[in-house]
Amino acid sequence: MHIITPILVAPLVTFPYIKSVYEIDLLRKKLNALARIDELTQISNRRFFNEQARHIISRARRTLEPVSLMFIDIDYFKRINDNHGHDAGDKSLRAVAELLKSQVREYDIVGRYGGEEFLMLLPNTGLETAEKIAERIRKTIENADIDTGKERLRLTVSIGLANRKGVDLALDELVASADNGVYRAKESGRNTVKIAAA
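Everything numeric in this text was worked out from a predicted model, so none of it was measured.

Each value, and the rule that gives it
Residues numbered from 1 in each chain as written. Predicted model: local features only at pLDDT ≥ 70, side-chain atom pairs only at ≥ 80, totals over all residues. Heavy atoms only, no water. Axes fitted to C-alpha atoms, helices over the stretch in contact; angles between N-to-C directions. Helix = DSSP H or I, 4+ residues; strand = E, 2+ residues; numbered from the N terminus. Parallel < 35°, antiparallel > 145°, perpendicular 65-115°, else oblique. Left-handed = near helix turned anticlockwise from the far one by under 90°. Contact = heavy atoms within 4.5 Å. Nonpolar A, V, L, I, M, F, W, Y, C, P; charged D, E, K, R; others polar. Salt bridge = Lys/Arg side-chain N within 4 Å of Asp/Glu carboxyl O. Buried < 20%, exposed > 50% of the residue type's maximum accessible area, 1.4 Å probe, protein only. Pairing = 2+ DSSP bridges.

## Structural notes on the packing of helix α4 (residues 86-103) against helix α5 (residues 127-142)
Step number 1: Interhelical geometry of α4 versus α5 gives an angle of 140° and a closest axis separation of 10 Å. Comparing the axis directions of α4 and α5 gives the class oblique. For the element pair α4 and α5, the recorded crossing hand is right-handed. Contacts between α4 and α5 pair V96, L99, L100 and Q103 from the former with R136, I137, T140 and I141 from the latter.
Step number 2: The residue makeup of the contact of α4 with α5, split by class, is five nonpolar, two polar and one charged.

Printed below as a string of structure tokens:
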């Protein structure tokens, strides 16, 4: 006579495993955010900005819509770090990022290019409209009180503005042109908007 021994089957999913999957999913989401978002300013990092911008520009080449790009540079940023400390510099960067986010339209994108430099891409936006937006941003930052915790600072920015349309539209060319506009803005005394040469 054979004795049948019951086979105990462990459940396929146990609570520790569910917890582990949950933790892995949270980690995946955090890593995904880190790949896209600048940790300090909480806006798009350069890589993700470029990725979004290339999609917009690709569509604009097909539709022949104009695209404008602003290159925004905080004036005398090194002095902030030197005179008020790096914490004040970080808070200034975060404040400028927040002010830029408050000025973008639903379909515009803003990102940190590096250091104290920011980019803003304005799809389907002609030069005249882009210049008004750039001037509004310049004034908004100039009139803002930046709370560093110890003191309040006033900042200004120099903005280079480039506008292109057509099948030859390219992100690198837009950025280079807007960067040249920033250079001209700094040469002319800073706290101004300069349109890049066509």
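## So, the pattern of salt bridges
Step number 1: Going through the model one piece at a time under the given rule, you end up with 15 salt bridges.
Step number 2: The partner of D75 in a salt bridge is K186, and the shortest N-O contact between them spans 3.3 Å. One end of the pair, D75, is in the loop between β1 (67-74) and α3 (77-84); the other, K186, is in helix α6 (residues 171-187), and 111 residues separate them in sequence.
Step number 3: Using a relative accessible area of 5% as the deciding quantity, one classes D75 as buried.
Step number 4: Note that R138 is salt-bridged to E142, the shortest N-O span being 3.3 Å. Taken together, the positions of R138 and E142, both in helix α5 and four residues apart, correspond to about one turn of that helix.
Step number 5: A residue is classified by how much of its surface remains accessible, and R138, at 9% relative accessible area, is buried.
Step number 6: Using a relative accessible area of 27% as the deciding quantity, one classes E142 as partly exposed.
Step number 7: Salt bridges sharing partners connect three or more residues here, namely D145, D147, R152 and R154.

## Let's talk about the environment of E142
Step number 1: Through-space distance from the C-alpha of E142 to that of L155 is 5.6 Å; in sequence the pair is 13 residues apart.
Step number 2: Those residues in contact with E142, other than ones at most four positions away along the chain, are R154, L155, T156 and N191.

## Section: the sheet that holds strand β2 (residues 109-114)
Step number 1: Taking strand neighbours across the sheet as the criterion, the five strands line up as β2-β3-β1-β6-β7 in an open arrangement whose pairing is mixed. Because the sheet does not close on itself, it has two edges, and the strands there are β2 and β7 (193-195). Here the average twist between neighbouring strands, direction ignored, is 20°.
Step number 2: Strand direction decides the pairing type here: strand β6 (residues 157-164) and β7, joined by three bridges, are parallel. Bridge pairing in β7 places G160 opposite K194.
Step number 3: Helix α2 (residues 46-63) rests against β1, β2 and β3 (117-122) of the sheet, and its axis sits at about 135° to β2.
Step number 4: Where α6 meets the sheet, it contacts β1, β2, β3, β6 and β7, and its direction lies at approximately 140° from that of β6.

## Side note on the pairing of β2
Step number 1: The buried count for β2 comes to five of six residues, which makes it a mostly enclosed element.
Step number 2: Bridge count between β2 and β3: five bridges; the pairing is antiparallel. Its bridge partner lying in β3, I109 is registered against L121.
Step number 3: Taken together, β2 and the strand that follows it, β3, pair antiparallel across an intervening segment of two residues, in which G115 is found at a positive phi of about 55°.

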